[in-house]
Amino acid sequence: MSHTLGIRQAQKQKTRQALMDAALVLLEEQSLSSLGLREVTRAVGVAPTAFYRHFRSTADLGVALVEEALGSLHPMIRTTVTTADTSEERITRAVELIAGHVTAYPAPVRFIARERHGGVQPVREAIRDQLARFAEEVKTELAKDAEAEDWSDDDLLMLSHLYVDQMLITASLFLEALESPPEERERVSRLAARQMRLISIGRRHWLD
């Protein structure tokens, strides 16, 4: 009996993932607010009623896509911030991480970039909450730096949000350069590093 339940659960998870993958493909050409559940189920080859075994609505599907797209990044972000010995090394690693992630997973990144200010409120809120988590995690690591001495929690959080926002901007730039020649992607890398470096320079002089 337990073996049968295990097979059913695995099949259910497989169908759920197929619905999410199909939605991402469809969202390459449209926003979530215009996506119909029948489009998604048709792409997977299941009945429309099957959708509701996995998601309450397309908004619920969108929230799941946010969690999948951003949730897995938390360990990578923490590692990037924690293991770097200098600010310059941290910037280099961050730019490399973003470039690699955009290249490997362009559809989820494009979805987040579009829906961050899109028309589906639960998805906007899910993205906002994930980004707030990133900022808190970055703040925790930045607080360990000698440069953070005498900084208030509010100022550290503000700095962390600046870094997180800049990483999103960088991801968008890499998205635009995906089909461009290597020299254009290199230009984006240099620009991203310079922009983060500017934030770091401001950090060093904030308490002056």
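Refer to the structure printed above.
Residues numbered from 1 in each chain as written. Predicted model: local features only at pLDDT ≥ 70, side-chain atom pairs only at ≥ 80, totals over all residues. Heavy atoms only, no water.

Some details on helix 9 (residues 153–176)
Thinking step 1. Across its 24 residues, helix 9 extends 35 Å between first and last C-alpha, which sits within 8% of the 34 Å expected from 1.5 Å per residue.
Thinking step 2. Taken as a whole, helix 9 has its buried residues at Leu 156, Leu 159, Ser 160, Tyr 163, Val 164, Gln 166, Met 167, Leu 168, Thr 170, Ala 171, Phe 174 and Leu 175. (Helix = DSSP H or I, 4+ residues; strand = E, 2+ residues; numbered from the N terminus. Expected span 1.5 Å × (residues − 1). Buried < 20%, exposed > 50% of the residue type's maximum accessible area, 1.4 Å probe, protein only.)

Notes on helix 2 (residues 37–44)
Three- or four-residue spacings in an α-helix give side chains the same orientation, since the helix completes a turn every 3.6 residues.
Thinking step 1. When we look at burial in helix 2, the residues that qualify are Leu 37, Val 40 and Thr 41. Seen along its axis, helix 2 keeps its buried residues to an arc of 90 degrees; they face one direction. Looking at helix 2, the residues exposed on the side facing more than 90 degrees away from the buried face are Arg 38, Arg 42 and Ala 43.
Thinking step 2. Of the residues one or two after helix 2, Gly 45 is the one with positive phi, at around 90 degrees. (Arc of directions from axis to C-beta.)

With respect to the packing of aromatic side chains
Thinking step 1. Summed over the entire model, instances satisfying the criterion amount to three aromatic pairs.
Thinking step 2. Centre to centre, the rings of Phe 51 and Tyr 52 are 5.6 Å apart; their planes meet at 85 degrees, and the pair counts as edge-to-face.
Thinking step 3. Take Phe 51: its relative accessible area is 0%, and that puts it in the buried class.
Thinking step 4. When the centroid spacing of 6.5 Å and the interplanar angle of 35 degrees are considered together, the rings of Trp 151 and Trp 206 count as tilted. Of this pair, Trp 151 sits in the loop between helix 8 (121–142) and helix 9 while Trp 206 sits in the segment after helix 10 (182–205), and the two are 55 residues apart along the sequence.
Thinking step 5. On the basis of relative accessible area, Trp 206 is assigned to the partly exposed category, the value being 44%.
Thinking step 6. Within the aromatic cluster, the residues linked to one another by ring pairs are Phe 51, Tyr 52 and Phe 55. (Phe/Tyr/Trp six-rings, centres within 6.5 Å; stacked < 30°, edge-to-face > 60°.)

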